[in-house]
Amino acid sequence: MKIGVIKDPKQGEARVGATPENVKILVEAGNEVLIDKDAGIGSGFTNEQYIEAGGKIVETDTAWTADLIIKVKEPMPSEYHYFKHGQIIWGFLHLAANQACVEKMMEVGVSALSGENISINGTLELLKPMSAIAGRRAVNLGQYYLEKQHGGEGVLLPGIEGVEAGVVVILGGGNAGMNAADIAVGIGCHVIILEVNDGRIQQLQKRYQNQPVEICLSNQENLEEKIKEADVFISTILIPGAKPPKLVKESMVQSMKAGSVIVDIAIDQGGTVETIDHPTTHADPIFIKHEVIHYAVPNMPGATPRTATIALAKGNCSFLKEISVKGFENALRTNEHLATGLSVYKGKVVSKPLAESLNVTYHEIGDVL
């Protein structure tokens, strides 16, 4: 199979979907791997390393001629003209927030594998390390933007001896939320986690026993109350394949402290905060509304591309190899985990949450495969 490793044009995105080690594995499996020139530079991998691994360095136009495209993020409008019928695009695509991309895929007949939706024993294993990075960075970003020169309230989040630490409120106690809580607790903050699942609440209570962590049932009343206490509010809600609801209403944001900070990790999929009406970028990451700083960068792990690339490449390589060796359709039929990531098959939307989010026709995988 001809495989293309693409340099993502998204602003601030320096990750790459395959390391030289991945390329070596794919080449040894009998594939031709085309590497978009300088695709790995941002993550610390040189063109020469890819050549040594058996890859071929090519220009972007040539890399996109491949049958299987490996990206990190969703295709940008500038890339749509590369789409071809039957082409497979792999990446963390978050298509529920990208209707124009899905419509183009439907028009051309492209297949899309959304790595963020791949479920293994109920866990989003490929997304897990990216969620961990985003959760950990969210606390660091909160500290940074709380400083007065950035428009923040001037609070040192960890506090000092004799002065209380700040409060970090986290919506969602999943992987991203837990990683955010670990960092916040580690630097001495008071942490409040809002979680809806009873079993998860018990796990969090056990994990953070004897720590300055308050675990609350996530409902509108508790959210309205606890968000007022936040110096940093972190939203981590993700619904695989679908847009999350706008749980954080504008009135809640208006009730927050002037100079407090919101970090919406869920912005990749559309976000959960009503006052965030557009994503931001690494180059221009924040805006202020109702005197509250809003951070809404969709590709948060892109700021730490070396760590993120190594982590994501470990997760995706076995799936990519299986597709290339077995063939796309056979791999989907024989690997139930891989099939959970299929969003679009030859132009037909086969993810029900995605179809409902975008109001397009849904097709059962078994009917089209």
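Residues numbered from 1 in each chain as written. Predicted model: local features only at pLDDT ≥ 70, side-chain atom pairs only at ≥ 80, totals over all residues. Heavy atoms only, no water.

Labelled according to an unreviewed UniProt entry, the protein chain appears under the name Alanine dehydrogenase, originating from Candidatus Enterococcus wittei.

Visitor: What should I look at first to understand the domain arrangement of the protein chain in this one?
Guide: When the parts of a complex come together, some accessible area is lost, and that lost area is often taken as the interface size. You can read the domains of the protein chain as domain 1 (2–123 + 305–367) and domain 2 (127–298). Each of domain 1 and domain 2 has a C-alpha centre, and the two are 30 Å apart. In this complex, domain 1 contributes 19 residues to the contact, which on the side of domain 2 involves 16 residues. Approximately 1400 Å² of surface area, both sides summed, lies buried where domain 1 meets domain 2, with 64% of it carried by carbon and sulfur atoms. The three residues of domain 1 that bury the most area against domain 2 are Q11, H94 and A96, which together make up 31% of that side's buried surface. Put simply, domain 1 and domain 2 have seven residue pairs in polar contact (both at pLDDT 80 or more) between them. At the level of elements, helix 10 (305–326) and helix 13 (352–358) are the ones that each hand at least two residues to the side of domain 1 that touches domain 2. By residue number, the principal contributor to the side of domain 1 that touches domain 2 is helix 10, which donates four residues. In terms of residue class, the side of domain 1 that touches domain 2 is built from eight nonpolar, seven polar and four charged. (Domains from an automatic or database assignment. Contact = heavy atoms within 4.5 Å. Buried area = accessible area lost by both parts, 1.4 Å probe. Polar contact = N/O pair within 3.5 Å; in protein donor to acceptor, adjacent residues only side chain to side chain. Helix = DSSP H or I, 4+ residues; strand = E, 2+ residues; numbered from the N terminus. Nonpolar A, V, L, I, M, F, W, Y, C, P; charged D, E, K, R; others polar.)

Visitor: Would you take a moment to explain the state of the cysteines for this structure?
Guide: Note: disulfide means a covalent bond formed between the sulfur atoms of two cysteine side chains. Taken as a whole and judged by the stated rule, the model has zero disulfides. C216 carries a free sulfur, and the closest cysteine sulfur to it, the one in C189, is 16 Å from it. (Disulfide = S-S within 2.5 Å.)

Visitor: Help me out: how do you make sense of the sheet that holds strand 5 (residues 88–92) in this one?
Guide: The pairing of strands in a sheet comes from backbone hydrogen bonds and takes either a parallel or an antiparallel form. Strand order in the open sheet formed by eight strands is 3-2-1-4-5-6-14-15, and the pairing between neighbours is mixed. The sheet is open, and its two edges are formed by strand 3 (56–58) and strand 15 (348–349), each paired on a single side. Across three bridges, strand 1 (residues 2–5) lies against strand 4 (residues 68–73) in parallel orientation. By the bridge assignment, I3 is partnered in strand 4 with L68. (Pairing = 2+ DSSP bridges.)

Visitor: For this particular structure, what's the right way to read the layout of surface pockets?
Guide: Empty space among the atoms becomes visible once a probe the size of a water molecule is rolled across them. Of the pockets and cavities examined, the largest pocket occupies roughly 1000 Å³. Surrounding the largest pocket, 43 residues form its lining, G174, N175, T236, I237 and L238 being those nearest its centre. Looking at the lining of the largest pocket, the elements with two or more residues in it are helix 5 (128–146), helix 6 (175–186), strand 8 (190–195) and helix 8 (220–226). There are two domains that each give the lining of the largest pocket at least three residues, and those are domain 1 (2–123 + 305–367) and domain 2 (127–298). Put simply, the second largest pocket is a space of about 270 Å³. If you go around the second largest pocket, you meet 18 residues; those closest to its centre are A97, N98, I267, D268 and P279. (1 Å grid on protein atoms, 1.4 Å probe; cavity = no way out; pocket = protein on both sides within 12 Å on 5 of 7 lines; lining within 4 Å. Points joined across faces, edges and corners; volume = space filled by probe spheres on them.)

Visitor: Would you take a moment to explain the environment of N330 for this structure?
Guide: Structurally, N330 can be placed in helix 11 (residues 328–334). Here the alpha-carbon distance between N330 and L369, two residues 39 residues apart in the chain, equals 9.5 Å.

Visitor: Could you clarify how one ought to interpret the pairing of strand 13 (residues 292–295) in this entry?
Guide: Side chains on a regular strand alternate between the two faces of the sheet. Residues of strand 13 alternate between two faces, with V292 and H294 on one and I293 and Y295 on the opposite face, all of them buried. Relative to strand 13, strand 11 (residues 261–264) runs parallel, the two sharing three bridges. Bridge assignment links V263 to a residue of strand 13, and that residue is Y295. In this structure, strand 12 (residues 286–289) lies alongside strand 13, joined through four bridges in antiparallel fashion. Within strand 13, the residue paired with F287 across the bridge is H294. In sequence, strand 12 turns back onto strand 13 through a hairpin of two residues, with H290 there showing a positive phi of about 55 degrees. (Buried < 20%, exposed > 50% of the residue type's maximum accessible area, 1.4 Å probe, protein only.)

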